[in-house]
Amino acid sequence: MSRNTHLPRRTVLAALSLTLLAPLFGHAASSIDLSPQQKGQPSARPVPEAIKLLPKDVRFVKDKTLVVAIAGGILPLGGFANDSKTIIGADPDISRLVADGLGRKLELVNVAWADWPLGLQSGKYDAVISNVTVTEARKEKFDFSTYRKDLLGFYTKAGSKLKINEPKDTAGLKVIVGAGTNQEQILLEWNKKNEAAGLKPLQALYFDDEAVARVALQSGRADAWLGPNAIYALEAARTGKVKLAGTFSGGWPLTADIAVTTRKDSGLAAAITKIINTQIANGNYAKVLSRWGLSAEAVSESRTNPPGLPKS
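The name an unreviewed UniProt entry assigns to the protein chain is ABC transporter substrate-binding protein, from the organism Aquitalea palustris.

Okay, structure coming up:
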């Protein structure tokens, strides 16, 4: 049980986000704005060509507003500002560029990861911009506009000699992974390969609180953590207590991208793809990724509904 259960989860994650971010960008994160106002956040002008792609009967949740859901967790992808409630990060910045391109105000809604599919389908928000990987199963219910490469990382505590580059390297390990995520699917597939080869099965560990997961890794209760590479890259830079053991595509053995997710046939995807490509061309996109240390995950072009990870 977490020692932080008496604190609101939002407060715990906000504090953790700020702690992780500061060392990567200098003392007290002086080179990046952690305030709710986000003065360093790139903005964009409306993109008429994109707006023209919207169907005449397109429906938004609110008038003159783009409502975007984000599973706020840890920076740099999406965390909380120093007021412990305003969502900031790379995904919120991309959300801002998309809303600006549509000529609409942005409203961010913090949701639990497990809740976004039903919430999007039921019309609670217009889009989800929260590190969602394109999969063929998801494409049956949603449309996608890609905006970042899906890069996953294995991290261990400092001093570990583990190197994890292929399935057999995980045999017998206890690995922390997020439930219902793409990385969980890959990890479980690796386990199947190991068992088929007669190797010792791995054990997947699940935590609702990232702070508790870190304690498990540091204490040796877990051998490794698997998730979006950006998250623990910050931890490694901050403390030196964890280290990278291996990276691979989130689409293993294929490649797949992270995408803005919208309701199937809502008519938004083509317009959003056009906006992202406009921001790639004018440099705003590169500024967002550079700002959050994610330049290595940049895509050269946004695509609408590209091939996704196959169904399991």
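Following the structure, the description resumes.
Engineer: Would you explain the overall build of the protein chain in this entry?
Structural biologist: For the protein chain, the helix and strand inventory stands at 10 helices and 12 strands. By the burial criterion, 51% of the 312 residues in the protein chain qualify as buried. Put simply, of all contacts in the protein chain between residues at least 6 apart along the chain, 78% involve residues at least 24 apart. Total accessible area computed for the protein chain in this model is approximately 14300 Å², and 51% of it derives from carbon and sulfur atoms.

Engineer: Is there a simple way to explain helix 10 (residues 284–291) in this structure?
Structural biologist: In an α-helix, one turn spans 3.6 residues, which is why side chains three or four residues apart end up on the same side. Listed as buried for helix 10 are N284, Y285, V288, L289 and R291. Down the axis, helix 10 shows its buried residues gathered within 165° of arc, on one side only. Looking one or two residues beyond helix 10, the residue adopting positive phi is G293, at roughly 70°.

Engineer: I keep staring at the sheet that holds strand 4 (residues 105–110) and nothing clicks. Help me out?
Structural biologist: Two modes of strand pairing occur in sheets, parallel and antiparallel, and in both the strands are linked by backbone hydrogen bonds. With mixed pairing, five strands are arranged side by side in an open sheet as 4-1-5-12-6. In this open sheet, the two edge strands, each paired with only one partner strand, are strand 4 and strand 6 (142–149). Pairing of strand 5 (residues 127–128) with strand 12 (residues 257–263) involves two bridges; the strand directions are antiparallel. What sits directly across from V128, in strand 12, is T261. Packing of helix 9 (residues 269–282) onto the sheet brings it into contact with strand 6 and strand 12, and relative to strand 6 it is tilted by some 15°.

Engineer: I keep staring at the environment of A259 and nothing clicks. Help me out?
Structural biologist: Tracing the backbone through its elements, the reader meets A259 in strand 12. Classification of A259 by relative accessible area gives buried; the value is 0%. Here A259 is in contact with V128, V132, V134, F144, S145, T146 and Y147, once residues within four sequence places are set aside.

Engineer: Explain the packing of aromatic side chains here, please?
Structural biologist: The way to describe two aromatic rings as a pair is by their centre distance and the angle between their planes. Enumeration over the complete set of coordinates arrives at seven aromatic pairs. By the ring-pair criterion, three or more aromatic residues cluster together here, those being F154, W190, F248 and W252.

Engineer: I'm lost on the pattern of salt bridges in this one. Help?
Structural biologist: Pairs can form between side chains of opposite charge whenever their charged atoms are close. On inspection of all chains with the given rule, the structure shows 10 salt bridges. Here E136 ties to K139 by a salt bridge, and the two come within 3.1 Å at their closest N and O atoms. Of this pair, E136 and K139 both sit in helix 5 (residues 136–139), separated by three residues, roughly a single helical turn. E136 gets classed as partly exposed once you look at its relative accessible area, which sits at 28%. With a shortest N-O distance of 2.2 Å, E140 and K311 are connected by a salt bridge. Of the two residues, E140 sits in the loop between helix 5 and strand 6 while K311 sits in the segment after helix 10, which places them 171 residues apart along the sequence. Here the residues in one salt-bridge network are D91, R148 and E297, joined through shared partners.

Engineer: What am I meant to see in helix 7 (residues 210–219) here?
Structural biologist: Among the residues making up helix 7, those that are buried are A211, A213, R214, A216 and L217. Where helix 7 begins, the capping side chain belongs to D209, and its oxygen is found 2.8 Å from the backbone nitrogen of A211. Of the residues one or two after helix 7, G220 is the one with positive phi, at around 90°.

Engineer: I'm lost on the packing of helix 3 (residues 90–101) against helix 9 in this one. Help?
Structural biologist: The relative placement of two packed helices is expressed as an angle between their axes plus a distance between the axes. Where helix 3 contacts helix 9, the two axes come as close as 9 Å, and the packing angle between them is 110°. Comparing their axes, helix 9 and helix 3 come out roughly perpendicular. Helix 3 and helix 9 meet at a crossing whose hand is right-handed. In this structure, helix 3 uses L97, V98 and G101 to contact helix 9, whose residues at the interface are I272, I275, I276 and Q279. Residue composition of the contact of helix 3 with helix 9, grouped by class: five nonpolar, two polar and no charged.

Engineer: I keep staring at unusual backbone geometry and nothing clicks. Help me out?
Structural biologist: Leaving glycine out, the prevailing phi sign among residues is negative, and the prevailing peptide bond configuration is trans. Positive phi values are uncommon outside glycine, yet Q38 reaches one of about 50°. Among the structural elements, Q38 can be located in the loop between helix 1 (9–24) and helix 2 (48–51). The class for Q38 is buried, based on a relative accessible area of 7%.

Engineer: Would you mind going over the sheet that holds strand 9 (residues 203–205) with me for this structure?
Structural biologist: The mixed open sheet is built from five strands, whose spatial order is 9-8-10-7-11. The open sheet has two edge strands with one neighbour each: strand 9 and strand 11 (242–249). Averaged over all neighbouring strand pairs, the angle between strand axes comes to 30°, with direction disregarded. By the bridge criterion, two bridges tie strand 8 (residues 174–176) to strand 10 (residues 224–228) in an arrangement that is parallel. Note that in strand 10 the partner of I176 across the bridge is W225.

Conventions we followed
- Residues numbered from 1 in each chain as written.
- Predicted model: local features only at pLDDT ≥ 70, side-chain atom pairs only at ≥ 80, totals over all residues.
- Heavy atoms only, no water.
- Helix = DSSP H or I, 4+ residues; strand = E, 2+ residues; numbered from the N terminus.
- Buried < 20%, exposed > 50% of the residue type's maximum accessible area, 1.4 Å probe, protein only.
- Contact = heavy atoms within 4.5 Å.
- Areas by Shrake-Rupley, 256 points an atom, 1.4 Å probe, with all protein chains shown as cover.
- Arc of directions from axis to C-beta.
- Pairing = 2+ DSSP bridges.
- Axes fitted to C-alpha atoms, helices over the stretch in contact; angles between N-to-C directions.
- Phe/Tyr/Trp six-rings, centres within 6.5 Å; stacked < 30°, edge-to-face > 60°.
- Salt bridge = Lys/Arg side-chain N within 4 Å of Asp/Glu carboxyl O.
- Polar contact = N/O pair within 3.5 Å; in protein donor to acceptor, adjacent residues only side chain to side chain.
- Parallel < 35°, antiparallel > 145°, perpendicular 65-115°, else oblique.
- Left-handed = near helix turned anticlockwise from the far one by under 90°.
- Nonpolar A, V, L, I, M, F, W, Y, C, P; charged D, E, K, R; others polar.

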